[in-house]
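Topology and contacts: notes
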Amino acid sequence: MGWIEFGHDDATAARIAVLAEQIAHHSHLYYNLATPEISDAEFDALWDELKSLDSEHPQLRRVGAPIPPGSVKVEHRFPMRSLGKATDDEEVSHFVAETTAHGRRFVAQPKLDGSALSLEYRRGRLVRAATRGSGERGEDVTLNALRIPNIPDRLSWEGDCHVRGEVVMHLEVFREKYADIAPNPRNLAAGSLRQKNIDAGKGDASDLAFHAYDVLFVPDDEKHPDSPEALQFENDSEAIAWLRDVGITPAEEVIIEGSNDEDTTQGLLDETKRWTAGRENAPWEIDGVVFKLDNLAKRELLGQTAHHPRWALAWKFPPEEATTVLLDIDWQTGRTGAVTPVARVAPVVVSGVTVENTTLHNVGEVERLGVSIGDKVRVVRRGDVIPKIIETMGPAQASDLEGRFHADGEQFAGALPTSAPPQIPTDCPECGTELSLDGAFLRCSNLSCSARLARSILYWCRALEMDGIGEKLVDQLCDAGLIKTIPDLYRLSTEQVLGLERMAEKSANNVMTQLDATREMSLDTFLSALGLPGIGPELATAFAGEICTMDALICLSDDDLGRLIAIEGVGETVAYSLMDGIANRSEMMGDFNQLLNITEVAKTEDPSGPLVGFSFCITGTLTRPRKEIALQTKAAGGKVVSAVSGKLDYLIAGENAGSKLEKATRLGVKVLNEIEWEAMLQP
Ligand code: IVH
């Protein structure tokens, strides 16, 4: 595979290759053939050595033979069921009444709107990850799941269990990196999980997060002979706490307990209100609240219908949707060259806002929806997200246009358009360049396309807070041919600006002052304002912290790939977006260098200290509080963890150390006393 070893000497590189091959061989024997030739401890030693030499080595992400995501079906050992749904208060009180004989204590969690995933751990190692699929059978997506940062490849409990949860994308990441390639974070999460390789044009699984809501233990007669026995908890809340302990991130939970049906129902309803208010601030999309009886034995007694368990209920936010008529589709070229369809619809109120324009995202979405001009369409608006068309209901009737008003109260006077399929453009609506299809997108490749230019200039001015330069002025400057690239802004003279229609002297001076104020900026500000496709402000700052100077930015080459992908949150796709973005603008970069003073950014320091790269766990009674030892360890660059696992480098053990010490000894983890630990702190 095309993995590049960076910065290793020959001997180390050779050792890495040998280790990777041995791990591949023994994983195959263990996981696929169930005929291990070496002990677990020996296997762990190989694994840990490879990890210490190259913590990013792809073999550490693989389990057994690598299966391309989405190509193999997986029979779920425990079916993945649906949930009974409720949208109004009566249904909640009905649920409480139906379960009340079995207790009035419920676990409440947000209902995360992503893609369900089942993680199968054997002997504490992730051996398989599968999508929900039909509930009985899903798809093997192990390789992508292993890229999700908070999915551990090992638990600190070395047994057999299935962990279920939802894979979601952080809304901020979605808005920054993907808003123009996918209609919503849920589709993107599902697509990123199932894509066959990370360059398939979907999202990168490393931008996803996993939130668990359930764990099921493999019965003792089926478990691996060396695995500990299945755990038994009395309550779900204990299972959730246990998940947290072994390294899994559960969905946040609260316990609601009432003394009678009324106050229990009220407790659940209050929780739905709390989430209704909190929904907009949630970092992920949520579509409701899930209530589950906490007591696990009582869940057994209630059982399930063919479709869902009787002990759980999903309360869903009321839908914010309405129907209207699709009047026309306009195509607009954006800053990155993507040509997006904008739907013009008859005015419709969705969650209190009058909507007349909605996005159709991309040509792929237009085709997927199969909409025609003149169709009756369903529009939804969730949270603060732009309203979108989710479905066509076929040709509209004239009556569908009755009683419609614009936002200003004026009656809508438009007529029903003749039914016609949408016209997909072949050339850029702005500059006429032939469009190419890039995944689900039509793209204009002309970097000086006027639409791209106007939008990237506006983006530049907004990023640099030049409020005096708005959309109208940018259009005027472009139309007059005064600016053909962003650097041209800095070649403008007061006379040229004054020469524009309806431009007063005061405004012209203000424009010039604002431009002058941005002739000097730091590299991170520059990269943010440039707005290269796929590179939002956060990534721009991260890149600037590594690249530091404008000269180094201009000279980026394939040789820099290694240090770029070493930046947290940067993969190959993003690194290439930067390198290609800069390479395609080489002339513009030269102009910037001449016209502006782009100042150096200090290099983002790697953590430093004698303990960098080592993990520590602290146990037993020591001469000072454990917290203090933890702080000092961190200050010296070490990582402090709460559980002992085969991955741990050192256990710092004091007097009366119990199970942790026992486990560390069993796993061959090095044990330090306080004096040995102090010695390690010396530089
Ligand atoms: S509990 C027996 N908890 O909702 C079912 N599900 O409509 C156990 N979901 O397929 C599911 N957040 O993917 C549960 N906090 C949460 C959830 C959650 C999202 C999804 C889940 C399930 C679907 C059912």
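Rules used throughout
Residues numbered from 1 in each chain as written. Predicted model: local features only at pLDDT ≥ 70, side-chain atom pairs only at ≥ 80, totals over all residues. Heavy atoms only, no water. Helix = DSSP H or I, 4+ residues; strand = E, 2+ residues; numbered from the N terminus. Rg over C-alpha atoms; globule rule 2.2 N^0.38 Å. Buried < 20%, exposed > 50% of the residue type's maximum accessible area, 1.4 Å probe, protein only. Contact = heavy atoms within 4.5 Å. Phe/Tyr/Trp six-rings, centres within 6.5 Å; stacked < 30°, edge-to-face > 60°. Lys NZ or Arg CZ within 6 Å of the ring centre and 35° of its normal. Polar contact = N/O pair within 3.5 Å; in protein donor to acceptor, adjacent residues only side chain to side chain. Pairing = 2+ DSSP bridges. Near = heavy atom within 4 Å. Areas by Shrake-Rupley, 256 points an atom, 1.4 Å probe, with all protein chains shown as cover. Axes fitted to C-alpha atoms, helices over the stretch in contact; angles between N-to-C directions. Salt bridge = Lys/Arg side-chain N within 4 Å of Asp/Glu carboxyl O. Core = buried A, V, L, I, M, F, W, Y, C linked by side-chain atoms within 4.5 Å. 1 Å grid on protein atoms, 1.4 Å probe; cavity = no way out; pocket = protein on both sides within 12 Å on 5 of 7 lines; lining within 4 Å. Points joined across faces, edges and corners; volume = space filled by probe spheres on them. Nonpolar A, V, L, I, M, F, W, Y, C, P; charged D, E, K, R; others polar.

**Let's talk about the overall build of the protein chain**
For the protein chain, the helix and strand inventory stands at 23 helices and 24 strands. What you see for the protein chain is a C-alpha radius of gyration of 29 Å, in line with the 26 Å of a compact globule of 683 residues. The C-alpha extent of the protein chain, read off along each of the three principal axes, is 85 × 65 × 50 Å. Each of the 683 residues in the protein chain was classed as buried or not, and the buried ones make up 47%. Taking as baseline every contact in the protein chain between residues at least 6 positions apart, the subset at least 24 positions apart corresponds to 70%.

**Considering the packing of aromatic side chains**
The tally for this structure, following the rule as stated, stands at 14 aromatic pairs. With a centroid separation of 5.5 Å and an interplanar angle of 90°, the aromatic rings of tryptophan 157 and phenylalanine 217 are classed as edge-to-face. Of this pair, tryptophan 157 sits in the loop between helix H4 (142-145) and strand E7 (161-169) while phenylalanine 217 sits in strand E8 (residues 208-217); the two residues are 60 residues apart in sequence, bridging distant segments of the chain. Judged by relative accessible area, which is 11%, tryptophan 157 ranks as buried. Ring plane angle 50° and centroid distance 6.1 Å describe the contact between phenylalanine 233 and tryptophan 242, whose orientation is recorded as tilted. Judged by relative accessible area, phenylalanine 233 falls into the partly exposed class, the value being 23%. Ring pairing ties together the aromatic residues Trp157, Phe217, Phe233 and Trp242, which thus form one cluster. Between arginine 299 and the ring centre of tryptophan 311, over which it is positioned, the NZ or CZ distance is 4.2 Å.

**A look at the environment of arginine 519**
With respect to the helices and strands, the residue arginine 519 is situated in the loop between helix H14 (505-517) and strand E19 (520-522). When the C-alpha atoms of arginine 519 and glycine 590 are compared, they prove to be 15 Å apart, with 71 residues separating the residues in sequence. Apart from the residues within four sequence positions on either side, arginine 519 is in contact with Tyr490, Leu595, Leu596 and Asn597. Among the polar contacts listed, one links the side chain of arginine 519 to the side chain of aspartate 516, at a separation of 2.8 Å.

**Some details on the pairing of strand E15 (residues 375-380)**
Here 5 bridges tie strand E12 (residues 321-333) to E15, and the two strands are oriented antiparallel to one another. In the sheet register, alanine 322 faces E15, and the bridge partner there is valine 379. Both E15 and strand E16 (residues 388-395) contribute to a ladder of 5 bridges, which runs antiparallel. By the bridge assignment for E16, valine 377 is matched with threonine 392.

**Side note on the pairing of strand E21 (residues 615-619)**
Consecutive side chains of a regular strand alternate in pointing toward one face of the sheet and then the other. Judged by how many residues are buried, E21 sits mostly within the fold: 5 of 5 residues are covered. Covered by surrounding structure in E21 are Ser615, Cys617 and Thr619 together with Phe616 and Ile618, the residues of both alternating faces. Summarising the sheet, E21 and strand E22 (residues 639-640) pair through 2 bridges and their orientation is parallel. Within E22, the position partnered with serine 615 by the bridge is lysine 639. Inspection of the sheet shows E21 paired to strand E23 (residues 650-653) by 4 bridges, in the parallel sense. The partner of phenylalanine 616 across the bridge, within E23, is tyrosine 650.

**Some points on the site of the ligand**
Taken together, 14 residues surround the ligand, and among them Gln109, Pro110, Leu112, Glu166 and Tyr213 come closest. Backbone polar atom of leucine 112 to a nitrogen atom of the ligand: 3.0 Å apart, as the coordinates give it. In isolation the ligand has 530 Å² of accessible area, and contact with the protein removes 90% of it. Of all the secondary structure elements, the ones that give two or more residues to the shell around the ligand are strand E3 (105-112) and strand E10 (286-293).

**Quick word on the environment of proline 395**
With respect to the helices and strands, proline 395 occurs in strand E16. A relative accessible area of 58% places proline 395 in the exposed class. Taking the C-alpha atoms as reference, proline 395 lies 59 Å from glutamate 600; in sequence the two are 205 residues apart. Residues within four places of proline 395 in sequence aside, it is in contact with Gly374, Asp375 and Lys376.

**Focus: helix H6 (residues 185-194)**
The α-helix advances 3.6 residues per turn, and as a result positions three or four apart in sequence lie on the same side. For H6, every residue scored as buried is listed here: Pro185, Leu188, Ala189, Gly191, Ser192 and Leu193. Along its buried surface, H6 packs onto strand E4 (115-122), H4, E7, helix H5 (171-178) and E8.

**Points about the sheet that holds E8**
Taken together, the 4 strands give an open sheet; going across it, the order is E5-E4-E7-E8, and neighbouring strands pair in antiparallel fashion. Because the sheet does not close on itself, it has two edges, and the strands there are strand E5 (125-131) and E8. In this sheet, adjacent strand axes meet at a mean angle of 30° when their direction is disregarded.

**Considerations on the pattern of salt bridges**
Applying the stated criterion to the full structure yields 35 salt bridges. The salt bridge partner of glutamate 674 is arginine 624, with a shortest N-O separation of 3.2 Å. Residue glutamate 674 is located in helix H23 (residues 674-681), and its partner arginine 624 is located in the loop between E21 and helix H21 (626-635); the two are separated by 50 residues in the primary sequence. Among the charged side chains, a network of salt bridges with common partners joins Glu546, Asp560, Arg563 and Lys603.

**As for the nonpolar core**
Ranked by size, the top nonpolar core spans 56 residues in total, and within it Trp460, Leu489, Phe526, Phe543, Leu553, Leu578 and Phe592 carry the most contacts. No other element matches the 6 residues that helix H11 (residues 450-463) contributes to this core. With sequence-adjacent residues up to four places away left out, phenylalanine 543 is seen in contact with Leu527, Ile535, Leu564, Ile567, Val570, Val574, Ala575 and Leu578. With 33 residues, the next largest nonpolar core counts Val141, Phe210, Leu243 and Val246 among its residues.

**Side note on empty space enclosed by the protein**
Summary: where empty space remains is shown by rolling a probe the size of a single water molecule over the atoms. Here the structure, examined in full by the defined rule, presents 4 cavities of 30 Å³ or more. Size it by volume and the largest cavity reaches roughly 80 Å³. As for the largest cavity, its lining consists of 10 residues, of which His26, Tyr30, Ile38, Asp40 and Phe43 are closest to the centre. Elements with a contribution of two residues or more to the lining of the largest cavity: helix H1 (10-32) and helix H2 (40-53). The dominant element in the lining of the largest cavity, judged by the number of residues it contributes, is H1, at 3 residues. Of the residues in the lining of the largest cavity, the class split is 5 nonpolar, 2 polar and 3 charged.

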